[in-house]
Number of protein chains: 2
Amino acid sequence: MNYPSKLIEQAIDEIAKLPGIGKKSALRMALHLLKRDEKHTLKLAEAIVAMRTQIRYCEQCHNISDTEICGICASKKREASLVCVVEDARDVLAIENTSQYRGLYHVLGGIISPLEGVGPADLKIESLINRITTSQNTENPITEIILGLSPTMEGDTTAFYLTKRIKPFGVKITTIARGIPIGGDLEYADEITLGRSIVSRIVYE
Amino acid sequence: MNYPSKLIEQAIDEIAKLPGIGKKSALRMALHLLKRDEKHTLKLAEAIVAMRTQIRYCEQCHNISDTEICGICASKKREASLVCVVEDARDVLAIENTSQYRGLYHVLGGIISPLEGVGPADLKIESLINRITTSQNTENPITEIILGLSPTMEGDTTAFYLTKRIKPFGVKITTIARGIPIGGDLEYADEITLGRSIVSRIVYE
């Protein structure tokens, strides 16, 4: 497309790099940003800059945080013996929203994906191993690692690698349950999910 | 949702104000901006600021422009007697993409919408009237105004108002054709479109 101005073209190019945004949506957004009060548009740019340059990560779990140690890690109400390993901050938010988990987290910052060139060294895996070994000399050692990874090829690869690394420390390793989603229709479930959910069926007690 | 950091919360709030973006997509974008190279993220913010603060509008047609008079208005290859009135810069791009139109444009900068509090005075309507009257004293007067407005309630209201204002100048007023879209299935066309397309049927010549 021939944009009428270099300035709008540059803005569209940059906006279109955001995930899930194509050129058409980017154009729509750029025109919206132009039409809106200047101060609101500048506020968006400022918020992005502030977030990118000032944000910190929890030194223990690597989740996004405003402080050295995040609110979850610092909380005395959480069970420090339980650590759920997740891919990114979004997963922490998703699990926190369920209000069903009272343990801590460990944010890997990605997932092992040879195709995208992400190996174990790019993730916070050594930090997890350190967390486990350090905790074993304290009053409240980590006793269970929950692998909260997506049931995809990459998730399974990462889970396999983590299991191999963590096993030597004698810590219990679990994974979030896979099966038919609540409210999901059996008839539409894919074969692998349905097959696995029969094999790992739950006993009524 | 309880975001782990005020900085990310502010960024998400601002991103979610963009059209078509909800809180979930905003979170996804914010995490993407955090993960990406800092210089790329800052470039997005800079492009937005530059666009908002430095962009200019063509003094004749009010389309986005880098110069006082835009490329289309300045071109000697375009028919200056033909002016297509559109809602915004997006419509100019859409029509230009068809390569079917060789006239000029007039960008209203919106559409009459009493519900959203947009009246004729908020649009570049006086400027259009001036353009018509001024052109009548030149060698190349405007002879036809094409109303390139959406066939919606607001578009029709704007078209009706414009017709009333332009008629006294004896300029031909036309509108882009309404009918069944090319490739569209007759069976799925709505009644109003189908009805109108029968009433204003085209004669094979």
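Because the structure is predicted, anything quoted here is derived from the model rather than measured. (Residues numbered from 1 in each chain as written. Chains lettered and ligands numbered in written order. Predicted model: local features only at pLDDT ≥ 70, side-chain atom pairs only at ≥ 80, totals over all residues. Heavy atoms only, no water.)

1. Quick look at the pattern of salt bridges
Next up, step 1: If you walk through the whole model with that rule in mind, you get 21 salt bridges over all chains.
Next up, step 2: Note that Lys23(A) is salt-bridged to Asp13(A), the shortest N-O span being 2.6 Å. With Lys23(A) in helix H2 (residues 23-35) and Asp13(A) in helix H1 (residues 6-15), the pair connects residues that are ten residues apart, well separated along the chain.
Next up, step 3: Take Asp13(A): its relative accessible area is 29%, and that puts it in the partly exposed class.
Next up, step 4: In this structure, Glu14(B) engages Lys43(A) in a salt bridge whose closest nitrogen and oxygen atoms are separated by 3.8 Å. With one member in each of two chains, Glu14(B) in helix H1 (residues 6-15) and Lys43(A) in helix H3 (residues 38-54) form a pair that bridges those chains.
Next up, step 5: Residue classification places Glu14(B) among the buried positions, given a relative accessible area of 6%.
Next up, step 6: Judged by its relative accessible area of 41%, Lys43(A) is partly exposed.
Next up, step 7: In the salt-bridge network here, residues are joined through shared partners; they are Glu14(A), Lys17(A) and Lys43(B). (Salt bridge = Lys/Arg side-chain N within 4 Å of Asp/Glu carboxyl O. Helix = DSSP H or I, 4+ residues; strand = E, 2+ residues; numbered from the N terminus. Buried < 20%, exposed > 50% of the residue type's maximum accessible area, 1.4 Å probe, protein only.)

2. Here we look at the UniProt feature "zinc finger region: C4-type" (unreviewed entry) in chain A
Next up, step 1: Here, the residues flagged by UniProt with the feature "zinc finger region: C4-type" (unreviewed entry) are residues 58-73 of chain A.
Next up, step 2: Taken as a whole, residues 58-73 of chain A contains 19% helix and 12% strand, while its terminal C-alpha atoms sit 8 Å from one another. (UniProt positions renumbered as here; feature names shortened; annotations may be inferred.)

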